[in-house]
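Chains, contacts and geometry: an overview
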Amino acid sequence: MIVIRHPETKEDFKKLYALRYKILREPLGLPRGTEKDDYEPISTHFIAVDSDTGEIVGTAKLFEKEPGVGQFSHIAVDEKYQHRGIGKMLVDEIEKLCCQKGYHTLGTLTRITATGFYEKCGFSKVGISGNLFGKLQMMWMEKKLNC
Ligand SMILES: CC(C)(COP(=O)(O)OP(=O)(O)OC[C@H]1O[C@@H](n2cnc3c(N)ncnc32)[C@H](O)[C@@H]1OP(=O)(O)O)[C@@H](O)C(=O)NCCC(=O)NCCS
C-alpha cells in the first residue's frame with residue numbers, strides 16, 4: 001500500500017533528496033545540489049511511502065508563493081512506481097493542505113513534457129515561463145481550488 005505523509009527524520013529527508021536527484025536532475029546531467037532550491041526551509045514536504053518495503057517512492061513540496069496562492073514543485077515518482085496513481089495522490093494531499101490553509105489557488109511551474117499529467121489533475125496552462133537550468137522549457141499551470 002502507498003501512504004502519503006510528511007518526512008520526519010533526517011533519513012527521510014536524505015532519501016527524498018536522493019529520489020529527487022535520481023528522477024529530476026541526474027537524467028539532465030546536473031550535479032548534486034541542484035535538486036534543492038531556495039524554498040526548502042519554508043516548504044512543506046510530502047513523501048509517498050511503500051508500506052511493504054518502507055521505501056520512499058514519491059515526493060513533492062509546497063510553499064505559499066503569495067497570499068492565498070500555493071506553489072508546489074519537485075514532484076517525482078520512482079520509475080518503477082510511475083503510472084500507478086502516486087503522482088495524483090501527492091497532488092491530492094497537497095490540495096487538501098492548501099484548503100486547510102485557506103488558499104484559493106494552487107500552481108506549479110512544470111516541464112512542457114509533464115503538462116498532460118497536470119491537466120489530468122485539473123490544472124490549466126497559464127503561460128510559458130522561461131527555462132530550467134537553460135535546458136527545459138517551463139510552463140506555469142494553475143488550478144482554482146474548490147475547498
Ligand atoms: C509526472 C509524474 C510525477 C506523474 O506521476 P505518476 O505517479 O506517474 O502519475 P499518475 O499515475 O498519478 O497519473 C495520473 C494521470 O496522469 C497521466 N500521466 C502521468 N504522467 C503523464 C505525462 N507525463 N503526460 C501525460 N499524462 C500523464 C496518467 O496516465 C494518469 O491518467 P489516468 O488518470 O487517465 O490514468 C511522474 O511520472 C514522474 O515523476 N515523472 C518524471 C519526473 C517529472 O517529469 N516530474 C514532473 C516535473 S514538472
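You'll find the structure just up there.
My aim in this report is to walk through the structure given alongside it, one point at a time. (Residues numbered from 1 in each chain as written. Predicted model: local features only at pLDDT ≥ 70, side-chain atom pairs only at ≥ 80, totals over all residues.)

1. Describing the overall build of the protein chain
Secondary structure assignment for the protein chain yields 3 helices and 7 strands. In sequence order, the protein chain lays out its α and β elements as β-α-β-β-β-α-β-α-β-β. Taking 15 Å as the expected radius of gyration for a compact globule of 147 residues, we find that the protein chain reaches 15 Å, a close match to that expectation. Taken along its principal axes, the extent of the C-alpha atoms in the protein chain is 35 × 35 × 30 Å. Scored against the burial criterion, the 147 residues of the protein chain give a buried share of 28%. If you take every contact in the protein chain between residues at least 6 apart in sequence, the share linking residues at least 24 apart comes to 56%. (Helix = DSSP H or I, 4+ residues; strand = E, 2+ residues; numbered from the N terminus. Rg over C-alpha atoms; globule rule 2.2 N^0.38 Å. Buried ≥ 20, exposed ≤ 12 C-beta atoms within 10 Å, placed from the backbone. Contact = placed C-beta atoms within 7 Å.)

2. Considering the site of the ligand
Q82, G87, K88, G116 and F117 are the nearest of the 18 residues found near the ligand. When residues of the shell around the ligand are traced back to their parent elements, those giving at least two are helix 1 (10–25), strand 4 (69–77), helix 2 (86–101), strand 5 (105–111) and helix 3 (115–120). Its residues assigned to classes, the shell around the ligand shows 8 nonpolar, 6 polar and 4 charged. (Near = placed C-beta within 6 Å. Nonpolar A, V, L, I, M, F, W, Y, C, P; charged D, E, K, R; others polar.)

3. Here we look at the nonpolar core
If you look at the biggest cluster of nonpolar residues, it comprises 22 residues, and the most contacted ones within it are I47, A48, I56, A60, F72, L90 and I94. Residue assignment for this core shows that the elements contributing at least two residues are helix 1, strand 2 (44–50), strand 3 (56–66), strand 4 and helix 2. Ranked by the residues each element gives to this core, the list is headed by helix 2, at 5 residues. If we ignore the near neighbours within four places in the chain, the residues touching A60 are F46, F72, H74, I75, L90 and I94. (Core = buried A, V, L, I, M, F, W, Y, C linked by C-beta atoms within 7 Å.)

4. Looking at the sheet that holds strand 1 (residues 2–5)
Pairing is mixed across the open sheet formed by 7 strands, whose spatial order is 1-2-3-4-5-7-6. Each edge of the sheet is formed by a strand with only one pairing partner; in this case those strands are strand 1 and strand 6 (124–132). When the angles between neighbouring strand axes are averaged without regard to direction, this sheet yields 25°. Bridging between strand 2 and strand 3 involves 6 bridges; their strand directions are antiparallel. Across the sheet, I47 pairs through a bridge with T59, a residue of strand 3. Sheet contacts for helix 1: strand 2, strand 3 and strand 4; angle to strand 3, the most-contacted strand, approximately 90°. Where helix 2 meets the sheet, it contacts strand 1, strand 2, strand 3, strand 4 and strand 5, and its direction lies at approximately 35° from that of strand 3. (Pairing = 2+ DSSP bridges. Axes fitted to C-alpha atoms, helices over the stretch in contact; angles between N-to-C directions.)

5. Points about the environment of L136
In this fold, L136 is placed in strand 7 (residues 136–144). In this structure, the C-alpha to C-alpha distance between L136 and L16, residues 120 residues apart in sequence, is 22 Å. Not counting residues up to four positions away in its chain, the partners in contact with L136 are R111 and N131.

6. Concerning helix 1
Compared with an ideal rise of 1.5 Å per residue, which puts 16 residues at 22 Å, helix 1 spans 21 Å between its outermost C-alpha atoms and is within 8% of the ideal. For helix 1, the full list of buried residues reads L16, Y17, L19, R20 and R25. Taken down its axis, helix 1 places every buried residue within 165° of arc, on the same side. Exposed side chains of helix 1 directed beyond 90 degrees from the buried face belong to E11 and K14. (Expected span 1.5 Å × (residues − 1). Arc of directions from axis to C-beta.)

Without other data, these values stay purely geometric and don't point to any function.
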